[in-house]
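In case you want the letters, here they are:
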Amino acid sequence: MTTHLIGMLLGTEEDWPRAFEEILRGLGPVTDDSGGKHVFETERITIEPFSLRDRPRHDLVIDRLAYWYYHPREWLKKVALMDGVYLLNSPFTFQSMEKHAAYCAMIRLGLKVPETVLVPYKNPLDNARYAYTAARYNQPFDLDAVARRIGYPLFMKPYDGGAWRGVSRIRNEAELHAAYDASGEMLMHLQKAVDYDVFARSLSIGAETMVMRFQPDQPMHHRYAVSHEFLSPEAGSEVVTIGKLVNAFFRWEFNSCETLVKAGEVYPIDYANACPDVALTSLHYYFPWAMKALVKWSLFALVTGRRPRLDVSTEQYFEIADTPGLSYGEKLAAYRSLADSYFEVGRYQEFCDRSLNHLDEVVHDWAIGPAFDSLLVDTVRAVYPVHEHDRFVAHLRGLIALWARDEEGRHGA
Ligand SMILES: Nc1ncnc2c1ncn2[C@@H]1O[C@H](COP(=O)(O)OP(=O)(O)O)[C@@H](O)[C@H]1O
Ligand SMILES: [Mg+2]
């Protein structure tokens, strides 16, 4: 029997870790293809001094903290580099890989990223050496001319953004200057606005991707619409392929991606979200899917001994990008097969069918049972003010019941 310890590095959230722990308990031991038994323990990782020579007890860590808190990020680097701990995600694949890097990679691969320009700081970093550098190298530039070349409306947003920090939609020169003056020490992109028909946001966990219809103007709990077939099959498959491609390219295993779809054309705009939101209150209907995918991918990696990769292999992608005569569609198909092989889609599916064939039932029964309901109620109490508790409890119960009915349709009651 092999015991695997799964660590969770958490911010303020209680909902998904509790769901993850409860599902693993319900699932019990897992048998691999040679009959070996595997058991899984979980631990919420605490922040403590660590020697760089300590050996971690964890075999896999799911991280939702390191994007803003650096002590555990440095611990993640240590255990990735020295101890081969499997990480969702490894900071080596993310630290220098913000939105900007993802845009560069996608443009290099021939994807339809809207026209994007990086402009110099409005207020350069406060550094004694700067005056000299600025005098010699920071050329004055014509912001209006840059914006005119892109065309209005456009978006100004930080090159490493997240959670809409510092994002503004700009219609004219006055708004352009106001936004640039306010950007201060943030480094900004200007990006052509896409007047989209549909906003598709996808959540990828290892080999699986869920594409959801996103409504950015709605309050948080309404942003993901429960909506199936809102994209044509072609656009839907293109969105999945681009997500998998970018994730495989950078070795990201837990990421959410944003695409704007206009007249059947797919425009990627936000593809680097290191610690994606998996809150019950925002994912609602899709929350059980996300928990299942997180359990499946973690167990697949642990039981089959999948090795974490810190290196990238950009060349094989660039070869496809540079093959003369390949159409956009042919390139996507070729990228897709590279990405599927990176994520071992076939082996993953076999593992799920063979070793996790009771997971669907475990999660379904848990989601309609008392443990999940108390998780739901506790989460609502923690997130919303008292006068909204009843409304949100009813709202979430309704959506989870809908998920359970759809799930019964998919798998048989
Ligand atoms: N090029 C664009 N065209 C249309 N809308 C955009 C564009 N860029 C950003 N937006 C809008 O602004 C929001 C935030 O921008 P995004 O690039 O996703 O930054 P963040 O990383 O902060 O989420 C998007 O969800 C979308 O609603
Ligand atoms: Mg975004």
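Located above this text is the structure these notes cover.
Residues numbered from 1 in each chain as written. Chains lettered and ligands numbered in written order. Predicted model: local features only at pLDDT ≥ 70, side-chain atom pairs only at ≥ 80, totals over all residues. Heavy atoms only, no water.

Enquirer: Kindly report on the coordination of the magnesium ion (ligand 2), identifying the contributing residues and their values.
Expert: The magnesium ion (ligand 2) binds to the protein through Glu258 (OE), Glu258 (OE) and Asp270 (OD); the donor distances cover 2.1 to 2.7 Å. Pair noted here: glutamate 258 is in strand β13 (residues 254-262) and aspartate 270 is in strand β14 (residues 265-270), with a separation of 12 residues, a long-range link. Assessed through its relative accessible area of 7%, glutamate 258 is described here as buried. Its relative accessible area of 10% is what places aspartate 270 among the buried residues. (Donors = N, O, S within 2.8 Å, 3.2 Å for Na, K, Ca; no water. Helix = DSSP H or I, 4+ residues; strand = E, 2+ residues; numbered from the N terminus. Buried < 20%, exposed > 50% of the residue type's maximum accessible area, 1.4 Å probe, protein only.)

Enquirer: Can you explain the sheet that holds strand β6 (residues 116-119)? Please cite residues and give values.
Expert: Across the sheet, which stays open at both edges, the 4 strands sit in the order β6-β9-β7-β8 with antiparallel pairing between neighbours. Sheet topology places β6 and β8 (168-170) at the edges, where each strand pairs with a single neighbour. Looking at each pair of strands side by side, their axes are set apart by 25° on average, direction ignored. As defined by bridge partners, strand β7 (residues 154-158) adjoins β8 across 3 bridges and the pair is classed as antiparallel. In the sheet register, methionine 156 faces β8, and the bridge partner there is serine 168. Sitting on the sheet, helix α4 (residues 99-108) touches β6, β7 and β9 (188-192), and the angle it makes with β9 is about 45°. Along the sheet face, helix α7 (residues 173-183) touches β6, β7, β8 and β9 and points at about 150° away from the line of β8. (Pairing = 2+ DSSP bridges. Axes fitted to C-alpha atoms, helices over the stretch in contact; angles between N-to-C directions. Contact = heavy atoms within 4.5 Å.)

Enquirer: Residue-level account of the sheet that holds β13, with values.
Expert: Reading across the sheet, the 5 strands line up as β12-β11-β10-β13-β14 and stay open at both edges, with antiparallel pairing between neighbours. Sheet topology places β12 (224-225) and β14 at the edges, where each strand pairs with a single neighbour. Bridge analysis of strand β10 (residues 198-205) against β13 gives 8 bridges, and the strand direction is antiparallel. What sits directly across from valine 198, in β13, is valine 261. Packing against the sheet, helix α8 (residues 233-250) makes contact with β10, β11 (208-214), β13 and β14, and its axis sits at approximately 35° to β14.

Enquirer: Tell me what's going on with the state of the cysteines, and back it up with residues and numbers.
Expert: For the coordinates displayed, the defined rule picks out 0 disulfides. A disulfide-free cysteine, cysteine 104 has its sulfur positioned 16 Å from the sulfur of cysteine 257, the nearest such atom. What makes cysteine 104 partly exposed here is its relative accessible area of 39%. (Disulfide = S-S within 2.5 Å.)

Enquirer: Summarise the site of ligand 1; cite the residues concerned and give the values.
Expert: Not every one of the 19 residues close to ligand 1 is listed here, only the nearest: Lys99, Lys157, Trp164, Val194 and Glu258. Residue valine 194 places a main-chain N or O atom 2.9 Å away from a nitrogen atom belonging to ligand 1. Here an oxygen atom of ligand 1 and a side-chain polar atom of glutamate 258 are 2.7 Å apart. Alone, ligand 1 offers 540 Å² of accessible surface; in the complex the protein occludes 96% of this. Elements represented by at least two residues in the shell around ligand 1 include exactly β7, β9, β13 and β14. Taken together, the residues of the shell around ligand 1 break down into 10 nonpolar, 3 polar and 6 charged. (Near = heavy atom within 4 Å. Polar contact = N/O pair within 3.5 Å; in protein donor to acceptor, adjacent residues only side chain to side chain. Areas by Shrake-Rupley, 256 points an atom, 1.4 Å probe, with all protein chains shown as cover. Nonpolar A, V, L, I, M, F, W, Y, C, P; charged D, E, K, R; others polar.)

Enquirer: Which residues make up unusual backbone geometry, and what are the values?
Expert: Here the bond from leucine 88 into asparagine 89 is cis, since omega is 0°, no more than 30 degrees from zero. The topology assignment puts asparagine 89 in the loop between β5 (86-88) and α3 (91-94). Tyrosine 152 connects to proline 153 through a cis peptide bond whose omega is -10°. Looking at the element boundaries, proline 153 is found in the loop between α6 (143-150) and β7. Even without being a glycine, alanine 163 presents a positive backbone phi close to 55°. Assignment of secondary structure puts alanine 163 in the loop between β7 and β8. Judged by its relative accessible area of 78%, alanine 163 is exposed.

Enquirer: So what about the packing of aromatic side chains? Which residues, and what values?
Expert: Considering all chains together, one arrives at 20 aromatic pairs under this definition. With 5.4 Å between their ring centres and 70° between their planes, phenylalanine 249 and tyrosine 317 make a pair best called edge-to-face. Of the two residues, phenylalanine 249 sits in helix α8 while tyrosine 317 sits in helix α11 (residues 314-322), which places them 68 residues apart along the sequence. Like phenylalanine 249, the residue tyrosine 317 is buried in the burial classification. The structure contains a cluster of three or more aromatic residues connected by ring pairs, namely Trp297, Phe300, Tyr342, Phe343, Tyr348 and Phe351. Between the NZ or CZ atom of arginine 108 and the centre of the ring of phenylalanine 318, over which it lies, the distance is 4.2 Å. Of note, arginine 201 hangs over the ring of phenylalanine 214, and the distance from its end group to the ring centre comes to 5.0 Å. (Phe/Tyr/Trp six-rings, centres within 6.5 Å; stacked < 30°, edge-to-face > 60°. Lys NZ or Arg CZ within 6 Å of the ring centre and 35° of its normal.)

Worth remembering: the numbers are spatial, not functional.
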